[in-house]
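Summary of the model geometry
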Amino acid sequence: MAKTITAKTGLLGVLGSPIRHSLSPAMHNLALEELGLDYAYLAFDVTEEQLKQALDGLKLLGFLGCNLTMPLKKKAVELCDEVSEAVRISRSVNTIVHKNGKLIGHTTDGTGFLWAMRENGHALIGKSITIMGAGGASVSIATQGALDGVKEITIFNRLGASYDAMTKIAEQLNEKTACRVRVLTPDDDEQLRYEIKKSDCLVNATSLGMAPKEDACILPDSTYFHKGLVVADVVYNPRETKFMKLAKASGAIVYNGLDMLLYQGAKSFELWTGNKMPVEVIKEKIFEKER
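Residues numbered from 1 in each chain as written. Predicted model: local features only at pLDDT ≥ 70, side-chain atom pairs only at ≥ 80, totals over all residues. Heavy atoms only, no water.

So, the side chain of serine 140
Put simply, the test is: Only DSSP runs of H or I reaching four residues or more are called helices, and only runs of E reaching two or more are called strands; each is numbered from the N terminus. For this analysis, a polar contact is any N or O atom pair within 3.5 Å, provided that within protein one partner can donate a hydrogen and the other can accept it, and provided that sequence-adjacent residues contribute only side-chain to side-chain pairs. Contacts are assigned to residue pairs with any non-hydrogen atoms lying within 4.5 Å of each other.
Along the polypeptide, serine 140 turns up in helix α5 (residues 136-148). At a separation of 3.5 Å, a polar atom in the side chain of serine 140 contacts the side chain of threonine 107. Other than its neighbours up to four places away in sequence, serine 140 contacts Ser92, Thr107, Asp109 and Gly110.

Structure (structure tokens):
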């Protein structure tokens, strides 16, 4: 049965460019329907140059809030009226709540990752994580992980602007939390292998391996992985990346980015509505078809 739109129907949405591939509208609209909440969630193609105008329009039109995807997450920080502690450190916003005329910025990507791992039986609080890459996904996972109580986080990235930015974030996390956060280059292969070997979880937080470049991989072969290692790739298109295939060949336990997408969305949904997303329904009706 099609949803009935009335003059009272509230609005939510996701902003980004490109945006046509997003699973967020299907996920959130199903959740809203299941809970009988009178909102509609739409997708809008918005560039960085258009973001301020779009957020002003969001305020004017009374949106309850929105999600932000690439390339808008960093630009949005300066356009929010208030931001969470995780946003202050990570300088990345993926969820905005519109409340009393103010735009409040949150980042739920890191929460989504940790939640997904916990739901799959791999609670990472008090454990060690190695992250490949220092982009937005890496920043969010490292920031939330340190704030929530992960014991040690080691990030590998080549020298450059993202390396320098992550180093500054690591310094803040080391000051504010009990987590030991380090940023290293992958040039020392022996150290890279050692850090992965002693970690409880290895994450590919880069876009390497994403369609249409499925043959790309952040690590060259399966010898970097080992049996029983929990391996997560933030990429979910394709559903099984080369990174995941190499890990699986070594006996590792592998996950793609679908569960992270689900649970970051679930956290956003809670921030907007105060209701828990019916994640089991979303898994059954949307995500099982996508796996």
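Some remarks on helix α1 (residues 24-35)
Note the following rule: Each helix should span, by expectation, one fewer than its residue count multiplied by 1.5 Å.
The end-to-end C-alpha distance of α1 is 17 Å, a good match for the 16 Å that 12 residues give at a rise of 1.5 Å each. Phi for glycine 36, located one or two positions after α1, is positive at around 65°.

Concerning the pairing of strand β3 (residues 65-68)
In plain terms, the rule: Burial classes: relative accessible area under 20% of the type maximum marks a residue as buried, over 50% as exposed, and values in between as partly exposed (1.4 Å probe, protein chains only). Two strands make a pair as long as DSSP finds a minimum of two bridges between them.
Neither face of β3 is open: one carries Gly65 and Asn67, the other Cys66 and Leu68, and all of them are buried. Relative to strand β5 (residues 95-99), β3 runs antiparallel, the two being bridged by three bridges. Counterpart to cysteine 66 in the pairing with β5 is isoleucine 96.

Some words on the environment of methionine 210
Summarising the element assignment, methionine 210 is placed in the loop between β10 (201-204) and β11 (230-233). Judged by its relative accessible area of 39%, methionine 210 falls in the partly exposed class. Along the backbone, methionine 210 and asparagine 237 are 27 residues apart, and their C-alpha atoms lie at a distance of 5.7 Å. Excluding residues within four positions of it along the chain, methionine 210 makes contact with Val235, Asn237 and Pro238.

Section: the packing of aromatic side chains
Going by this rule: Two aromatic rings from Phe, Tyr or Trp, using only the six-membered ring of Trp, form a pair when their centres are within 6.5 Å; if the ring planes differ by under 30 degrees the pair is stacked, by over 60 it is edge-to-face, and anything between is tilted. Two limits define a charge over a ring: the Lys NZ or Arg CZ must be within 6 Å of the ring centre, and within 35 degrees of the ring normal.
Applying the stated rule across the entire model yields four aromatic pairs. Ring geometry for tryptophan 115 versus tyrosine 263: centroids 4.9 Å apart, planes at 40°, classification tilted. Remark: tyrosine 263 occurs in helix α9 (residues 258-273) and tryptophan 115 occurs in helix α4 (residues 109-119); sequence separation between them is 148 residues. In terms of burial, tryptophan 115 and tyrosine 263 fall into one category: buried. Above the plane of the ring of tyrosine 224 lies arginine 193, whose end atom (NZ or CZ) is 3.8 Å from the centre.

So, the packing of α1 against α9
Convention followed: Axes here mean lines fitted to C-alpha atoms, for a helix over just the part in contact, with angles spanning 0 to 180 degrees between N-to-C directions. By definition in this entry, angles of less than 35 degrees are roughly parallel, angles greater than 145 are roughly antiparallel, angles of 65 to 115 are roughly perpendicular, and the rest are oblique. What makes a crossing left-handed is the near helix being turned counterclockwise from the far one by less than a right angle; a clockwise turn instead makes it right-handed. Note that Gly is not counted as nonpolar here; it falls among the polar residues with everything else outside the nonpolar set of Ala, Val, Leu, Ile, Met, Phe, Trp, Tyr, Cys and Pro and the charged set of Asp, Glu, Lys and Arg.
Contact geometry for α1 and α9: axes closest at 11 Å, N-to-C directions at 50°. What the angle tells us is that α1 and α9 run oblique. The interaxial crossing formed by α1 with α9 has right-handed handedness. Contacts between α1 and α9 involve Met27, His28, Ala31, Leu32 and Leu35 from the former and Leu261, Leu262, Gly265, Phe269 and Trp272 from the latter. Partitioned by chemical class, the residues of the contact of α1 with α9 number eight nonpolar, two polar and no charged.

So, the sheet that holds strand β7 (residues 128-132)
Whenever strands of a sheet pair, they do so through backbone hydrogen bonds, lying parallel or antiparallel. Taken in spatial order, the six strands of this open sheet run β9-β8-β7-β10-β11-β12, and their pairing is parallel. Every interior strand has two partners, whereas the edge strands, β9 (180-184) and β12 (253-255), have only one. Ignoring strand direction, the axes of neighbouring strands in this sheet form an average angle of 15°. The pairing of β10 with β11 spans four bridges and is classified as parallel. Following the sheet pairing, cysteine 201 is matched in β11 by valine 230. Contacts from α5 reach β7, β8 (152-156), β9 and β10 within the one sheet, and its direction differs from that of β8 by about 165°.

A few points about the sheet that holds strand β6 (residues 102-106)
Here we have six strands laid out as an open sheet, ordered β2-β1-β3-β5-β6-β4, and mixed in their pairing. Strands with a single pairing partner mark the edges of an open sheet, and in this sheet they are β2 (39-45) and β4 (82-83). Pairing analysis gives five bridges linking β5 to β6, with the strands arranged antiparallel. Among the inter-strand pairings, histidine 98 is bridged to a residue of β6, identified as leucine 103. Contacts from helix α2 (residues 51-61) reach β1 (10-16), β3, β5 and β6 within the one sheet, and its direction differs from that of β3 by about 155°. Running at roughly 5° to β5, α9 makes contact with β1, β2, β3, β5 and β6 of the sheet.

Concerning the pairing of β11
Burial along β11 is two-sided: Val230 and Ala232 facing one way and Val231 and Asp233 facing the other are all buried. Pairing analysis gives three bridges linking β11 to β12, with the strands arranged parallel. Bridge pairing links valine 231 to valine 254 in β12.

Some words on the nonpolar core
Let me state the cut-off plainly: Note on terminology: a nonpolar core comprises buried Ala, Val, Leu, Ile, Met, Phe, Trp, Tyr and Cys residues joined through side-chain atoms within 4.5 Å.
With 32 residues, the main nonpolar core has Phe113, Ile131, Ile153, Ile155 and Val203 as its most contacted residues. Aside from chain neighbours lying at most four places away, what touches valine 203 is Phe113, Ile129, Thr130, Ile131, Met132, Ile141, Ala232, Val234 and Phe243. If you look at the next biggest cluster of nonpolar residues, it comprises 27 residues, including Ala116, Tyr236, Leu261 and Phe269.

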